[in-house]
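Each chain, letter by letter, is given below.
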Number of protein chains: 2
Amino acid sequence: MSLLDYFRSTKKSTANTAKERLQIIVAHERRRRNSPDYLPQLERDILEVIRKYVDISPEDIAVTLEQRDDQLSVLELNVTFPDEKR
Amino acid sequence: MSLLDYFRSTKKSTANTAKERLQIIVAHERRRRNSPDYLPQLERDILEVIRKYVDISPEDIAVTLEQRDDQLSVLELNVTFPDEKR
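About the criteria used
Residues numbered from 1 in each chain as written. Chains lettered and ligands numbered in written order. Predicted model: local features only at pLDDT ≥ 70, side-chain atom pairs only at ≥ 80, totals over all residues. Heavy atoms only, no water. Helix = DSSP H or I, 4+ residues; strand = E, 2+ residues; numbered from the N terminus. Expected span 1.5 Å × (residues − 1). Buried < 20%, exposed > 50% of the residue type's maximum accessible area, 1.4 Å probe, protein only. Contact = heavy atoms within 4.5 Å. Pairing = 2+ DSSP bridges. Axes fitted to C-alpha atoms, helices over the stretch in contact; angles between N-to-C directions.

S.K.: Please set out helix α2 (residues 39–53) of chain B residue by residue, giving values where relevant.
M.R.: Helix length check: α2 of chain B (15 residues) gives 21 Å between terminal C-alpha atoms against 21 Å at 1.5 Å per residue, within 8%. Within α2 of chain B the residues assigned to the buried category are L39, L42, D45, I46, L47, V49, I50 and Y53 of chain B. Residues of α2 of chain B that are buried in the fold lie against β1 (21–29) and α2 (39–53) of chain A together with β1 (21–29), β2 (61–67) and β3 (72–80) of chain B.

If you want it as structure tokens, here you go:
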């Protein structure tokens, strides 16, 4: 399964393989170019939801929001937990 | 980028390529086997958040929660919007 290959390969490239990590990817494919894109708002809401479960600070989170083409947007959130934080 | 290849390949395999789609993947890698897994709760919360933005019914959503190994869980939510629903 290529997605998990992607996740595993990302893991190997980091120095600390034993850290706890949470990776969230949201891909939104719109049917029309002018249909609404709510990913920026969704990003804020998802982070809020995650904070219900884990104690994370802004520096633990890497966020990218990429407009791949007119109709495809991809939001990626990477949370790496500091050692023994929880 | 292999993740987008994955997304694109999934898209091609469906009959209706013009539909609006939202795909959410959450990968949680725990440091220890006995650390808490909150993905089932996170799944419910993320669906609730998505419903703030889009009018979806349960049959529009396909959810899989996979325990890949002792430390890696992967939650995948696929939302396909019916034609002209919104």
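S.K.: Explain the sheet that holds β3 of chain B to me, using residue names and the numbers behind them.
M.R.: As summarised here, the arrangement of the six strands in space is β2(A)-β3(A)-β1(A)-β1(B)-β3(B)-β2(B), forming an open sheet in which the pairing is antiparallel. The sheet is open, and its two edges are formed by β2 (61–67) of chain A together with β2 of chain B, each paired on a single side. For this sheet, the mean inter-axis angle between neighbouring strands, taken without regard to orientation, is 10°. With nine bridges joining them, β1 of chain B and β3 of chain B adopt antiparallel strand pairing. Looking at the pairing, V26 of chain B lines up with L75 of chain B of β3 of chain B.

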